[in-house]
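Reading the structure
Below, each chain spelled out in residue letters.
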Amino acid sequence: MSDQHERRRYPRVPVSVKGRFLAPDGAEHACSIRDMSLAGIALISEVEVPLGSHLIIYLDDFGRFEGPVVRHFDDGFAIETALTGPRRDRVAERLALYAKGGEQAAAERRRIFPRYAPQDAGIEEGSVLTLSDGRSAPCRIVDMSLGGANVATELRAPIGMSVSIGRMNGRIVRHTVEGIAIEFTDMPERVSAISRPFG
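Parameters and conventions
- Residues numbered from 1 in each chain as written.
- Predicted model: local features only at pLDDT ≥ 70, side-chain atom pairs only at ≥ 80, totals over all residues.
- Heavy atoms only, no water.
- Helix = DSSP H or I, 4+ residues; strand = E, 2+ residues; numbered from the N terminus.
- Buried < 20%, exposed > 50% of the residue type's maximum accessible area, 1.4 Å probe, protein only.
- Contact = heavy atoms within 4.5 Å.
- Areas by Shrake-Rupley, 256 points an atom, 1.4 Å probe, with all protein chains shown as cover.
- pLDDT = per-residue confidence, 0-100.
- Expected span 1.5 Å × (residues − 1).
- Arc of directions from axis to C-beta.
- Pairing = 2+ DSSP bridges.
- Axes fitted to C-alpha atoms, helices over the stretch in contact; angles between N-to-C directions.
- Phe/Tyr/Trp six-rings, centres within 6.5 Å; stacked < 30°, edge-to-face > 60°.
- Lys NZ or Arg CZ within 6 Å of the ring centre and 35° of its normal.
- Salt bridge = Lys/Arg side-chain N within 4 Å of Asp/Glu carboxyl O.

A tally of regular secondary structure across the protein chain gives five helices and 13 strands. Residue burial in the protein chain is summarised as follows: out of 199 residues, 49% are buried. Sequence-distant contacts, at least 24 apart, represent 51% of the contacts inside the protein chain between residues at least 6 apart. Summed over all atoms, the accessible surface of the protein chain reaches about 10300 Å², with 50% contributed by carbon and sulfur.

Listed below in structure tokens is the structure:
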């Protein structure tokens, strides 16, 4: 797909979120997003990546993407993505909310995924929470969605800290009476898939 055709068919939306990507050699690098569309993502990074390299990218608020590097620009590069089915619909909805901008749109983004109690999703309440500083402890899943989870835990950590729960990765977005709220950075494709990472 040509760059001009991509711009015409899939409007690019400015998206200011952080992320990280896995280079072909297995090294992990931080990045941020300049803009994205349903066909590609423009990343800002100091790391030079050859054209054609296949990258795996994790973006805050969007989850996991992968695709080849298709062009370079002054402060980064762009990858091409191929989204289909429900995942494409979810990304399109989130991009539409980012395009709206403002605090109301930000609140809508947080509500985009319905929440489920553990028993409704067919998973166990118990899991293990691990903070990026190395602390870990058993925790209880209060509720969850494809975008995140509310967790009852005695561990306290700053908002923004990276955490993992089971095999799901995320970051702390707020404190609650019972513990913390986590936003996933590698969202599963469907709610039933949550049972695999949490277990």
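There's more to say after this.
What follows concerns the confidence of the model for the protein chain. The share of residues in the protein chain with pLDDT of 70 or more is 76%, and the mean pLDDT across the chain is 79. The model gives residues 189-199 a pLDDT under 50, and that stretch makes 30 contacts with residues more than four places away or in other chains.

Now for helix 2 (residues 85-100). Under the 1.5 Å per step criterion, the end-to-end length of helix 2 is 23 Å for 16 residues, consistent within 8% with the ideal 22 Å. By the burial criterion, the buried members of helix 2 are R87, R90, V91, R94, L95, L97 and Y98. The buried side chains of helix 2 occupy one side of the element, clustering within an arc of 160° when seen end-on. Exposed residues lying more than 90 degrees from the buried face of helix 2 are P86, D89, A99 and K100.

Taken together, six strands build a closed barrel; the order of strands is 8-9-10-13-12-11 and the barrel is antiparallel. Across the sheet, the mean angle from the axis of one strand to that of its neighbour is 45°, orientation sign disregarded. One ladder, built from three bridges, connects strand 8 (residues 126-131) with strand 11 (residues 162-165); its direction is antiparallel. What sits directly across from L131, in strand 11, is V163.

Taken as a whole and judged by the stated rule, the model has one aromatic pair. Here F21 and F77 contribute two aromatic rings whose centre-to-centre distance is 5.5 Å and whose plane-to-plane angle is 85°, an arrangement assigned as edge-to-face. One end of the pair, F21, is in strand 2 (residues 18-22); the other, F77, is in strand 7 (residues 76-80), with 56 residues separating them in the sequence. Overall, F77 belongs to the buried group, its relative accessible area being 1%. Its end group placed over the ring of F73, R34 keeps NZ or CZ at 3.9 Å from the ring centre.

A few words now on the pattern of salt bridges. Throughout the structure, instances matching the rule amount to five salt bridges. Residue D133 is joined to R135 by a salt bridge in which the shortest nitrogen-to-oxygen separation is 3.0 Å. By relative accessible area, D133 is classed as partly exposed at 43%. Two residues, R171 and E183, come together in a salt bridge whose shortest N-O distance is 2.9 Å. Here E183 lies in strand 13 (residues 179-184) and R171 lies in strand 12 (residues 168-175), a separation of 12 residues in the sequence. On the basis of relative accessibility, which here comes to 27%, the residue R171 falls in the partly exposed class.

In this section: the side chain of S164. Mapping S164 onto the fold places it in strand 11. On the basis of relative accessible area, S164 is assigned to the buried category, the value being 19%. When neighbours within four sequence positions are excluded, S164 is seen to be in contact with V128, L129, T130 and N169.

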